[in-house]
Amino acid sequence: MRLKVTTSKAITPFKAYPLNPTTLLIVEQDANGEGPNIIVKRYPQKLLIIDTGPGGLYPPFGDPPPPNYLPSLRTFLECVQQPWPSHRARGRIINPGGRLPYGVAVTHHHFDHIGGTVWFPDSLIGASARAPGFILAQPAGRNSLNEVAGIPYPEHTVGIWLEDGCRFPLEAGGGGGMVVMHTPGHTPDSITLWDEEENTLFTGDLICRGIVPNFFPGGASIADYLRSVDKLITFVDGRVEETGRMPLLVPGHTELMGLDGISALLEVRELILRVLRGEVKGERWSEYGFDCLWFARGEPCSVFGPDEVWEVGRRELGLGLGLGVYWIP
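Residue numbers here run from 1 along each chain, matching the order of that chain's written sequence. Reporting in this predicted model follows two pLDDT cut-offs: at least 70 for local features of residues, and 80 or more for side-chain atom pairs to be given and counted; totals over whole chains, interfaces and linings ignore these cut-offs and use all residues. To get the side-chain values, all heavy atoms of the structure are used, and hydrogens and water are removed first.

You'll find the chain entered in an unreviewed UniProt entry as Metallo-hydrolase/oxidoreductase, with Choiromyces venosus 120613-1 given as the organism.

Participant: Before we move on, can you summarise the overall build of the chain with the specific residues and values?
Facilitator: The way it works is that DSSP assigns letters per residue, a run of H or I at least four long becomes a helix, a run of E at least two long becomes a strand, and they are numbered from the N terminus. When helices and strands are counted, the chain shows seven helices and 19 strands. For the chain, the C-alpha radius of gyration of 20 Å lies close to 20 Å, the compact-globule estimate for 329 residues. Along the longest, intermediate and shortest principal axes, the C-alpha atoms of the chain span 60 × 50 × 35 Å. In this scheme, a residue with accessible area under 20% of its type's maximum is buried, one over 50% is exposed, and one in between is partly exposed, where area comes from a 1.4 Å probe on protein chains only. Within the span of the chain, comprising 329 residues, buried residues form 54% of the whole. Only heavy atoms matter for contacts: two residues are in contact if any of them lie within 4.5 Å across the pair. Of all intrachain contacts in the chain linking residues separated by at least 6 positions in sequence, the fraction that spans at least 24 positions is 63%. Only the protein chains shown count as cover for residues, and all accessible areas are computed by the Shrake-Rupley method using a 1.4 Å probe. As presented, the chain carries roughly 14,400 Å² of accessible surface, and 54% of it is formed by carbon and sulfur atoms. Neither His nor the chain ends contribute to the count of charged residues, in which Lys and Arg are positive and Asp and Glu negative. Just so you know, the charge point we use is NZ for Lys, CZ for Arg, CG for Asp and CD for Glu. Computing the positive centroid from 28 side-chain charges and the negative centroid from 37, the chain places the two 6 Å apart. Every radius of gyration here is taken over C-alpha atoms, with the globule rule written as 2.2 Å times N^0.38, N being the number of residues.

Participant: Lay out the packing of helix α5 (residues 222-243) against helix α6 (residues 261-276) with the relevant residues and their values.
Facilitator: With axes taken as lines fitted to C-alpha atoms, and helix axes fitted only over the stretch in contact, angles between N-to-C directions fall between 0 and 180 degrees. The N-to-C vectors of α5 and α6 enclose an angle of 155 degrees; their axes lie 10 Å apart at closest approach. By the angle between their directions, the pair α5 and α6 is classed as roughly antiparallel. Considering only the axes of α5 and α6, their crossing is left-handed. Contact with α5, carried on its side by Ile 222, Tyr 225, Leu 226, Val 229, Asp 230, Leu 232, Ile 233, Val 236 and Asp 237, involves Ile 262, Leu 265, Leu 266, Val 268, Arg 269, Ile 272, Leu 273 and Leu 276 of α6 and no other residues of that element. Angle categories: roughly parallel below 35 degrees, roughly antiparallel above 145, roughly perpendicular from 65 to 115, and oblique for all the rest. By definition, any crossing whose near helix is turned counterclockwise from its far helix by less than a right angle is left-handed, and any crossing with a clockwise turn is right-handed.

Participant: Describe the pattern of salt bridges, with residues and values.
Facilitator: Salt bridges, as used here, are contacts in which a Lys or Arg side-chain nitrogen is within 4 Å of a carboxyl oxygen on Asp or Glu. Within the structure shown, the criterion is met by 19 salt bridges. Notably, a salt bridge pairs Asp 224 with Arg 227, separated by 2.7 Å at the nearest N-O pair. Of this pair, Asp 224 and Arg 227 are both found in helix α5, three residues apart, which corresponds to roughly one turn of the helix. The class for Asp 224 is buried, based on a relative accessible area of 17%. Through salt bridges with shared partners, a single network forms among Glu 270, Arg 274, Arg 277 and Glu 279.

Participant: Could you give an account of the pairing of strand β8 (residues 124-128), naming the residues involved and the relevant values?
Facilitator: Most of β8 sits inside the fold, with four of its five residues counted as buried. In this sheet, strand β9 (residues 160-162) lies alongside β8 in parallel orientation, the contact comprising three bridges. Within the sheet, the bridge partner assigned to Ala 127 lies in β9 and is Trp 161. A pair of strands counts as paired when DSSP detects no fewer than two bridges linking them.

Participant: Account for the sheet that holds strand β12 (residues 191-195), with residues named and values stated.
Facilitator: The strand order β10-β11-β12-β13-β15 describes an open sheet built from five strands, whose pairing is mixed. Single-partner strands in this sheet number two, and they are β10 (167-168) and β15 (248-251).

Participant: An account of the environment of Glu 283 is requested, with residue identities and associated values reported.
Facilitator: Tracing the backbone shows Glu 283 in strand β16 (residues 281-287). Overall, the relative accessible area of 24% leaves Glu 283 in the partly exposed class. Residues Glu 283 and Glu 28 lie 255 residues apart in sequence; the distance between their C-alpha atoms is 29 Å.

Participant: A description of the domain arrangement of the chain should follow, citing residues and the corresponding values.
Facilitator: Size of an interface: often given as the accessible area lost when the parts come together. Note that the domain bounds reflect an automated or database-derived domain assignment. Domain assignment breaks the chain into domain 1 (1-206) and domain 2 (211-243 + 253-322). If you average the C-alpha positions of domain 1 and of domain 2, the two centres end up 25 Å apart. Between domain 1 and domain 2, the residue contacts involve 31 residues of the former and 21 residues of the latter. At the surface where domain 1 touches domain 2, the tally comes to two salt bridges. For Lys 231, the salt bridge goes to Asp 164, with nearest N and O atoms at 3.0 Å. Counted as a polar contact is a pair of N or O atoms within 3.5 Å, where, for protein atoms, one must be capable of donating a hydrogen and the other of accepting one, and residues adjacent in sequence contribute only when both atoms are in side chains. Counting across the interface, domain 1 meets domain 2 through 13 residue pairs in polar contact (both at pLDDT 80 or more). Each residue gets one label: Ala, Val, Leu, Ile, Met, Phe, Trp, Tyr, Cys and Pro are nonpolar, Asp, Glu, Lys and Arg are charged, and the others, such as Gly, are polar. Here the residues of the side of domain 1 that touches domain 2 sort into 13 nonpolar, 12 polar and six charged.

Participant: Could you give an account of the packing of α6 against helix α7 (residues 307-317), with specific residues and numbers?
Facilitator: Where α6 meets α7, the axes come as close as 10 Å, and the angle between the chain directions of the two elements is 90 degrees. On the basis of the axis angle, α6 is roughly perpendicular to α7. Between α6 and α7, the residues in contact are Ile 272, Val 275 and Leu 276 and Trp 310, Gly 313, Arg 314 and Leu 317, respectively. Looking at the contact of α6 with α7 residue by residue, the classes come out as five nonpolar, one polar and one charged.

Participant: Describe the nonpolar core, listing the residues and the values that go with them.
Facilitator: The biggest cluster of nonpolar side chains holds 35 residues, and the ones touching the most others in it are Phe 216, Ile 272, Val 303 and Trp 310. When residues of this core are traced back to their parent elements, those giving at least two are β11 (178-182), α5, α6, β17 (290-295) and α7. No other element matches the nine residues that α6 contributes to this core. Counting contributing residues, this core receives three or more from each of domain 1 (1-206) and domain 2 (211-243 + 253-322). By size, the runner-up hydrophobic cluster in this structure holds 20 residues, among which are Ala 16, Tyr 102, Val 106 and Phe 120. The term nonpolar core refers to a set of buried residues drawn from Ala, Val, Leu, Ile, Met, Phe, Trp, Tyr and Cys, joined through side-chain atoms within 4.5 Å.

What follows is the structure, given as structure tokens:
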């Protein structure tokens, strides 16, 4: 794919921030207000992109973009100067002319994480081997929330199904790559990626704090989610015990989590158990076509999802006597 170099007057929805010596965090200001985190990790022979955002639709939704608006994440990476962490590369183009090939890891198949895959038709896309049926369900995008978000489904092909514990992407000779961990719950195909080199976990929508709640749409599993949270807590505890260092948690939305990462995992776990026991009142809320209950709304950690998600979780775990509901007029 050949791209024309853009001018300094170009407008894009992307803003890049140095995360560590090999990694950029890119936030997309999208039309739906999701503000997803996109990760670009530089390897010697490849760039790994973790999630691709909704696809660069011009905000505010429905307004015509200006003539110099560039929606393509790929154009942004290959033509627009951005601050790489290395002092010798500050202000340089991330991947001039597409010199390095791309690998794309999808933490889960929701519209705000897969939309930009359309800009990388020649790249290897990896997704969870745990739930290909969820990803490939027909009609295309049935589970991605594209339809309810009013965004066309981005046609793309998963080129590699990522097993739990594998590494992706592999460099020539089989080295490098992040460790893939299956962490279902938010969706059946959710994964976390572990960058051992930089002591960083990219958790997708497994854990969010602040203004973004932890969302459990249709197809979510509270039981799976709690197992995934316990899996990550065990992993983080092991890293701290082994190295004395707390990994950085980079979620799919909102702020990064350093020393408070383990606290966030414990907090969301305890909140969900209290919800299932009927100890927390929920507020009625509608989101992307789902009639939901939102628990602890306005708190640093909150959770919401349709009634049936909570009821199924309560039955599977044998907890609670019912859900306390506060109806908003």
